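Coordinates in review
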Amino acid sequence: RGRLVSLRCKSPDDAEGRECIGQPGDGDGALGANRFVLYEDRPLCWEAWDVDAFHVEKPLTAEPPASLPIIELREAEPLRATLRIRTALSPKCIVQQEIVLTAAAATLVFLTEVEWAESNKILKVEFPLAVRAPMATYDGAFGSVQRPTHRNTSWDVAKFEGCAHRYCDLSEPNFGVALLNDCKYGHSVWGSTMALSLLRAPKSPDPKADMDHHIFAYALYPHAGDAAHSDVLREAAALNTPPEYYSMTPSQALAAIQPESFLSTHPATVELDCFKLAHEAPDRTTERAPVIVRLHEAIGSRTRNVRLAFGARLPQVARAVRVNMVEEATEGALPLSLADDGHTVVVPEVGPWEVVTIRLEWA
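Heads up: these notes are all about the structure in this document. (Residues numbered from 1 in each chain as written. Predicted model: local features only at pLDDT ≥ 70, side-chain atom pairs only at ≥ 80, totals over all residues. Heavy atoms only, no water.)

Focus on the environment of Leu 199
Here Leu 199 is to be found in strand 16 (residues 193-200). Expressed as a C-alpha distance, the spacing of Leu 199 and Lys 121, which sit 78 residues apart in the sequence, is 8.2 Å. In this structure, Leu 199 is in contact with Val 114, Trp 116, Lys 121, Ile 122, Leu 123, Lys 184 and His 214, ignoring residues within four places of it in sequence. (Helix = DSSP H or I, 4+ residues; strand = E, 2+ residues; numbered from the N terminus. Contact = heavy atoms within 4.5 Å.)

This is the structure we're talking about:
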């Protein structure tokens, strides 16, 4: 069937590894993970915009035809293994997927293509997990939010699906699993089953909306600790900013390798969002024109002495001052301290979820 029945997260202290996928006897675990399900999708109104809670009561298929899927081992190398699966959920929904595991990565990546010609359907992929928690963490712009994994109240029922930009995470205090995505934002967690909405087929106002060929990726990332104390931010960013590849000779490659970062933050839970020319710079054409750097604290923790480090190829920083979101100096704002090397700016404190904008002037 091309489903994932086991995924173990090993550590030096646990050679057998912690099971991530729900097993038979765990409810939905008997059906396996990475399972595609079509649901009838007929909201009461505004069908191109709304998704109603009752759509999950109308699954159309959970089993592909007996002649499919076609499963092929594409790569089995020491550094990379790839399994290709092609399956038909219906004559109008053909899914081809490459499941990729590399030696250097902590994620299991699902590179997915879909030929989509359905009507009033919604396609989801579901992962029953061996993790139990009352709340799940949904990533958003400049932070994250927690939503319940149960349906105890009418308010909980109304939260049957939530938006997550780069990841949705379900964690116990010492272990969790995150579902990362590169362009699909409708997530839901019910009990221990995490789902990602992939495609819809509304017919009004545009009868051809979202038809034809789709390409996207998502990934499963098991980790120690909860979302705030893992590398989920880094792994989600890596999936959304894949490396670029260039063809060059060995000598060119050695010359191109630079063991430094152009710009980095410490700790990594304070993320860099923007590096651009200042809007009102005296001369925007020079290499030393003032720039704006925007950061945010991503896990809801007050953080002191945040260090913003620039690569040695950039000029030294002469002055750094906090400004507001429209780049205006705030009354009483003092210049930020600079490290002796002239390439590090120190922000004394960043509050939970706080967005910080800094104007830099070069020496």
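Topic: the sheet that holds strand 17 (residues 212-224)
Taken in spatial order, the nine strands make up an open sheet running 5-6-7-8-17-14-13-10-11, and their pairing is antiparallel. Both outer strands of the open sheet, strand 5 (70-76) and strand 11 (143-148), are each paired with one neighbouring strand and no more. Here the strands of the sheet are splayed against their neighbours by 20° on average, with no regard to which way each runs. On the sheet, helix 2 (residues 232-240) packs against strand 8 (108-116), strand 13 (167-172), strand 14 (175-181) and strand 17 and is oriented at approximately 20° with respect to strand 14. (Pairing = 2+ DSSP bridges. Axes fitted to C-alpha atoms, helices over the stretch in contact; angles between N-to-C directions.)

Side note on the packing of aromatic side chains
Considering all chains together, one arrives at five aromatic pairs under this definition. An angle of 20° between the planes, with centres 5.1 Å apart, marks the rings of Phe 110 and Tyr 218 as stacked. Placement of Phe 110 in strand 8 and of Tyr 218 in strand 17 is noted, with a sequence separation of 108 residues between them. Side by side, Phe 110 and Tyr 218 carry an identical accessibility label, which is buried. On the basis of an interplanar angle of 80° and a centroid distance of 6.1 Å, the ring pair of Phe 127 and Tyr 218 is categorised as edge-to-face. (Phe/Tyr/Trp six-rings, centres within 6.5 Å; stacked < 30°, edge-to-face > 60°. Buried < 20%, exposed > 50% of the residue type's maximum accessible area, 1.4 Å probe, protein only.)

Observations concerning the sheet that holds strand 21 (residues 303-310)
Spatial ordering of the open sheet is given by 18-21-24-23, a layout of four strands whose pairing is antiparallel. At either end of the open sheet lies a strand with only one pairing partner, and these are strand 18 (263-266) and strand 23 (337-338). Examined bridge by bridge, strand 23 and strand 24 (residues 344-350) share two bridges and lie antiparallel to one another. Within strand 24, the position partnered with Leu 338 by the bridge is Val 345.

Description of unusual backbone geometry
For the peptide bond that leads from Ser 204 to Pro 205, omega is 10°, which places it in the cis range. Omega for the bond connecting His 266 with Pro 267 falls within 30 degrees of zero, at 0°, which places this linkage in the cis form. Positive phi values are uncommon outside glycine, yet Asn 305 reaches one of about 55°. Residue placement: Asn 305 occurs in strand 21. For Trp 353, which is not a glycine, the phi torsion comes out positive at approximately 65°. Its location among the elements puts Trp 353 in the loop between strand 24 and strand 25 (355-362). Note on Trp 353: relative accessible area 37%, which makes it partly exposed.

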